[in-house]
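These are the residues of each chain, in order.
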Amino acid sequence: MTDTYALILSFVLVFGVIIASEILVKVLRLPKEESRKLVHIGVSHWWLLAMFTFSSWRWAIIPPIIFIILNLASWWTGMFSSMERKPRDPASLGTVYFPIALLLMVLLTWQDSPVLVGVHPYLGALGIMAMGYGDGFAALVGTKWGRHKFSLLGSTKSLEGSLTMFVAALVPLLLLIMPGFALAPLSALAAAAQLALAATIVEALTPWGLDNLTVPFAVTLITYAILL
């Protein structure tokens, strides 16, 4: 597959997720917080598409750069209502931080990375999928059923949300680690559990929606340190 086709598929995937979310909000009256997180989870799958289709980081950075611009425009104007809690609210910039995280992970972990040597997009996949699934489901559960609140470094979370973060991050991490690093099942589970715990702690400590940046960085860099 050429990089041009990979680019087209990238936009089909991401816009498909956004359009589906807009329909759910406007037709089925899905609450915006739930639609935001469905977009969050859905768009994280772009990484799996990208790492098997783009041949170089020079191509793979194009979709994240475009979506940084579009998400910033949406944050400012409310263009994609299903993605925004409140336009121009600094606390809602998580939708902008997400494609920034994708861009930085491409630069750090692509096979021809201009930053690190001996890396592979699998490293970025661990960070992005842990953030996409973990943070996405944690917010859904924490908002709806989070009763036991705690605050750390100005960030208020719930025990229910953090437990969901751990479990929801553990599953994709395990599914990626077993084939990606050729580990035995118990070794893969132990590695996935350590990374999921790290992601949960980082998410709990990170305020202002910046966990969309800190979680993938933490998971990817820890993996780079212990598995490579």
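First, a word on what this report is: a plain description of the structure on this page.

Rules behind the numbers
- Residues numbered from 1 in each chain as written.
- Predicted model: local features only at pLDDT ≥ 70, side-chain atom pairs only at ≥ 80, totals over all residues.
- Heavy atoms only, no water.
- Helix = DSSP H or I, 4+ residues; strand = E, 2+ residues; numbered from the N terminus.
- Buried < 20%, exposed > 50% of the residue type's maximum accessible area, 1.4 Å probe, protein only.
- Lys, Arg positive; Asp, Glu negative; His and termini not counted.
- Salt bridge = Lys/Arg side-chain N within 4 Å of Asp/Glu carboxyl O.
- Contact = heavy atoms within 4.5 Å.
- Core = buried A, V, L, I, M, F, W, Y, C linked by side-chain atoms within 4.5 Å.
- Phe/Tyr/Trp six-rings, centres within 6.5 Å; stacked < 30°, edge-to-face > 60°.
- Axes fitted to C-alpha atoms, helices over the stretch in contact; angles between N-to-C directions.
- Left-handed = near helix turned anticlockwise from the far one by under 90°.
- Nonpolar A, V, L, I, M, F, W, Y, C, P; charged D, E, K, R; others polar.

Right, let's get into the side chain of Asp-3. In this structure, Asp-3 sits in helix α1 (residues 3-26). As a buried residue without a salt bridge, Asp-3 has its nearest oppositely charged side chain in Arg-58, at a separation of 10 Å. The residues contacting Asp-3, other than those within four sequence positions of it, are Thr-53, Phe-54, Ser-55, Ser-56 and Trp-59.

The next point concerns the nonpolar core. With 51 residues, the main nonpolar core has Trp-47, Trp-110 and Leu-173 as its most contacted residues. The element contributing the most residues to this core is helix α7 (residues 121-145), with nine residues. Contacts of Trp-47, omitting those with residues within four sequence positions, involve Leu-102, Met-105, Val-106, Thr-109, Trp-110, Pro-121, Gly-124, Ala-125 and Ile-128. Formed by six residues, the second largest nonpolar core is a distinct cluster that contains Trp-75, Leu-93, Tyr-97 and Ala-101.

With that settled, the discussion passes to the packing of aromatic side chains. The final tally for this structure, using the stated rule, is eight aromatic pairs. Ring plane angle 40° and centroid distance 5.7 Å describe the contact between Phe-11 and Phe-67, whose orientation is recorded as tilted. One end of the pair, Phe-11, is in helix α1; the other, Phe-67, is in helix α5 (residues 62-77), and 56 residues separate them in sequence. Since its relative accessible area comes to 6%, Phe-67 is described here as buried. Members of the aromatic cluster, each reached through a chain of ring pairs, are Trp-46, Trp-47, Phe-54 and Trp-110.

So, about the packing of α1 against α5. The description of two helices packed together rests on the angle between their axes and the distance between the axes. Put simply, α1 and α5 touch, their axes get as near as 10 Å, and they point 35° apart. α5 is crossed by α1, and the crossing has right-handed handedness. Here Leu-7, Ser-10, Phe-11, Val-14, Phe-15 and Ile-18 of α1 come into contact with α5, specifically with Ile-62, Pro-63, Ile-66, Phe-67 and Leu-70. Here the contact of α1 with α5 is built from residues that sort into ten nonpolar, one polar and no charged.

On to the pattern of salt bridges, then. Scanning all chains against the criterion turns up six salt bridges. Among the salt bridges present, the one from Glu-34 reaches Lys-144, with a minimum N-O distance of 3.5 Å. With Glu-34 in helix α2 (residues 32-44) and Lys-144 in helix α7, the pair connects residues that are 110 residues apart, well separated along the chain. Relative accessible area serves as the criterion here: at 22%, Glu-34 is assigned to the partly exposed category. Relative accessible area serves as the criterion here: at 46%, Lys-144 is assigned to the partly exposed category. Between Arg-58 and Asp-112 there is a salt bridge, with the nearest N and O atoms lying 3.9 Å from each other. Taken together, the positions of Arg-58 in helix α4 (residues 57-60) and Asp-112 in the loop between α6 (94-109) and α7 put the pair 54 residues apart, joining distant regions of the chain.

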